[in-house]
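Okay, here's what each chain looks like letter by letter:
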Amino acid sequence: MKVTFHGHSVVEIVTDKAKIIIDPFISGNGQCKLDANEVTCDVILLTHGHNDHVGDTVDIAKRNDALVVAPFELATYLEFKGVNAHPMAIGGGHEFEFGHVKLTQAFHGSSYTEEENQQIIYTGMPSGILFSVEGKTIYHAGDTGLFSDMKLLSDKSIDLALLPIGDNFTMGPEDAAIAAKWINADVTVPIHYNTFPLIEQDGQAFVDNLEGEGKVLQSGESIEL
């Protein structure tokens, strides 16, 4: 399968079965080279409800008749917007036609801000995602701080771990390096950094300091699993 990073936390996965996009924050994402109006996909996976992760989900999902998989409250909110959504909760897994999805813990917030009426909509617990298909497993940590239960993920034989390193809102590089050691994925890729001044980090320095293998993906770059 082909995994492409599109800046911030936007990750595209293309398999023999489907095209999947995680957290499609495209419009307003200065790192992303995609045009939200031209994005195609079969499935959208969401880690939590913050605007910089939900992004263009509603428009993309409606235009492509794509399934959105998200934590329960977020899925319900999106259903109110006319989206075909499948609700899940932390610790739960489900076998879809496109692969297996399991939600993991993430220590963060989760709400959608409707700026036009200055409302903050609660969207449930934030999560990470374990996605397995074609004999490979990808862990997208979502937005999270370091937590010791990450050690349990080492039993999942993760091929690719996508970890936030931006600091301030999530793990910084030092904590993310500890997470990478605990998770022990074949390859670790940093995400959620350099989108805004507040989360500027040196991705290569993070990778260089890892005990295991790491790789910096520039926006639009891919890795084959």
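Residues numbered from 1 in each chain as written. Predicted model: local features only at pLDDT ≥ 70, side-chain atom pairs only at ≥ 80, totals over all residues. Heavy atoms only, no water.

### Comments concerning the overall build of the chain
Line of reasoning, step 1. A tally of helices and strands in the chain yields five helices and 15 strands.
Line of reasoning, step 2. The globule rule puts the C-alpha radius of gyration for 225 residues at 17 Å, and the 16 Å found for the chain is close to it.
Line of reasoning, step 3. Referenced to the eigenvectors of the C-alpha coordinate spread, the extents of the chain come out at roughly 45 × 40 × 30 Å.
Line of reasoning, step 4. When each of the 225 residues of the chain is scored for burial, the buried share is 53%.
Line of reasoning, step 5. Residue pairs in contact within the chain that sit at least 24 positions apart in sequence constitute 57% of those at least 6 positions apart.
Line of reasoning, step 6. Here the chain displays about 9,900 Å² of accessible surface, and carbon together with sulfur accounts for 46% of that area.
Line of reasoning, step 7. Computed over 13 positive and 33 negative side-chain charges, the inter-centroid distance for the chain is 5 Å. (Helix = DSSP H or I, 4+ residues; strand = E, 2+ residues; numbered from the N terminus. Rg over C-alpha atoms; globule rule 2.2 N^0.38 Å. Buried < 20%, exposed > 50% of the residue type's maximum accessible area, 1.4 Å probe, protein only. Contact = heavy atoms within 4.5 Å. Areas by Shrake-Rupley, 256 points an atom, 1.4 Å probe, with all protein chains shown as cover. Lys, Arg positive; Asp, Glu negative; His and termini not counted. Charge placed at Lys NZ, Arg CZ, Asp CG, Glu CD.)

### Considering the pairing of strand E8 (residues 99–105)
Line of reasoning, step 1. Sheet analysis places strand E7 (residues 93–96) next to E8, joined by four bridges and oriented antiparallel. Across the sheet, residue Glu95 finds its bridge partner in E8, namely His100.
Line of reasoning, step 2. Where E7 folds back onto E8 in an antiparallel hairpin, the turn is made up of two residues.
Line of reasoning, step 3. Pairing of E8 with strand E11 (residues 127–133), which is carried by six bridges, proceeds in the antiparallel orientation. Looking across to E11, one finds that Lys102 is bridged to Leu130. (Pairing = 2+ DSSP bridges.)

### Structural notes on unusual backbone geometry
Line of reasoning, step 1. Within the chain, Gln118 stands out as a residue other than glycine whose phi angle is a positive 55°.
Line of reasoning, step 2. Positionally, Gln118 belongs in the loop between strand E9 (111–114) and strand E10 (119–122).

### Regarding helix H4 (residues 173–183)
Line of reasoning, step 1. Within H4, burial applies to Pro173, Ala176, Ala179, Ala180 and Ile183. Along the axis of H4, the buried positions cluster into a sector of 115°, meaning they face one direction only. Along H4, the residues that are exposed and aim more than 90 degrees away from the buried face are Glu174 and Lys181.
Line of reasoning, step 2. Looking at the buried side of H4, the elements it contacts are strand E12 (136–140), strand E13 (160–164), strand E14 (187–191) and helix H5 (203–208).
Line of reasoning, step 3. Directly after H4, the chain includes Asn184, whose backbone phi takes a positive value near 60°. (Arc of directions from axis to C-beta.)

### Thoughts on the nonpolar core
Line of reasoning, step 1. Judged by nonpolar contacts, the single largest core of 28 residues is most densely connected at Ile13, Leu45, Val69, Phe98 and Val101.
Line of reasoning, step 2. Residues in contact with Val101, not counting those within four places in the same chain, are Leu45, Val69, Met88, Gly92, Gly93, His94, Phe96, Ile129, Leu130 and Phe131.
Line of reasoning, step 3. Counting residues in each nonpolar core, the second largest holds 23 residues, with Phe25, Ala36, Val54 and Ala61 among its members. (Core = buried A, V, L, I, M, F, W, Y, C linked by side-chain atoms within 4.5 Å.)

### Structural notes on the environment of Gly214
Line of reasoning, step 1. Along the chain, Gly214 turns up in the loop between H5 and strand E15 (222–224).
Line of reasoning, step 2. A relative accessible area of 22% places Gly214 in the partly exposed class.
Line of reasoning, step 3. The spacing of Gly214 and Val189 is 25 residues in sequence and 5.8 Å in space, taken between C-alpha atoms.
Line of reasoning, step 4. Residue contacts for Gly214: discarding those within four places in its chain leaves Val187, Thr188 and Val207.

### Description of the environment of Gly142
Line of reasoning, step 1. Its location among the elements puts Gly142 in the loop between E12 and E13.
Line of reasoning, step 2. Classification of Gly142 by relative accessible area gives buried; the value is 0%.
Line of reasoning, step 3. Separated by 40 residues in the primary sequence, Gly142 and Lys102 place their C-alpha atoms 13 Å from one another.
Line of reasoning, step 4. Here Gly142 is in contact with Thr47, Ser127, Gly128 and Pro164, once residues within four sequence places are set aside.

### A closer look at the state of the cysteines
Line of reasoning, step 1. Across all of its chains, the model carries zero disulfides by this definition.
Line of reasoning, step 2. A disulfide-free cysteine, Cys32 has its sulfur positioned 13 Å from the sulfur of Cys41, the nearest such atom.
Line of reasoning, step 3. Overall, the relative accessible area of 11% leaves Cys32 in the buried class. (Disulfide = S-S within 2.5 Å.)

### Here we look at the side chain of Asp159
Line of reasoning, step 1. Structurally, Asp159 is set in the loop between E12 and E13.
Line of reasoning, step 2. Here Asp159 sits buried without a salt bridge, and the closest side chain of opposite charge, Lys136, lies 4.0 Å off (N-O distance).
Line of reasoning, step 3. Within the structure, Asp159 has its side chain in polar contact with the backbone nitrogen of Thr137 (distance 2.8 Å).
Line of reasoning, step 4. Residues contacting Asp159, with those up to four places away along its chain left out, are Gly135, Lys136, Thr137, Asp186 and Val187. (Salt bridge = Lys/Arg side-chain N within 4 Å of Asp/Glu carboxyl O. Polar contact = N/O pair within 3.5 Å; in protein donor to acceptor, adjacent residues only side chain to side chain.)

Everything listed is a geometric property; what it means functionally is a separate question.
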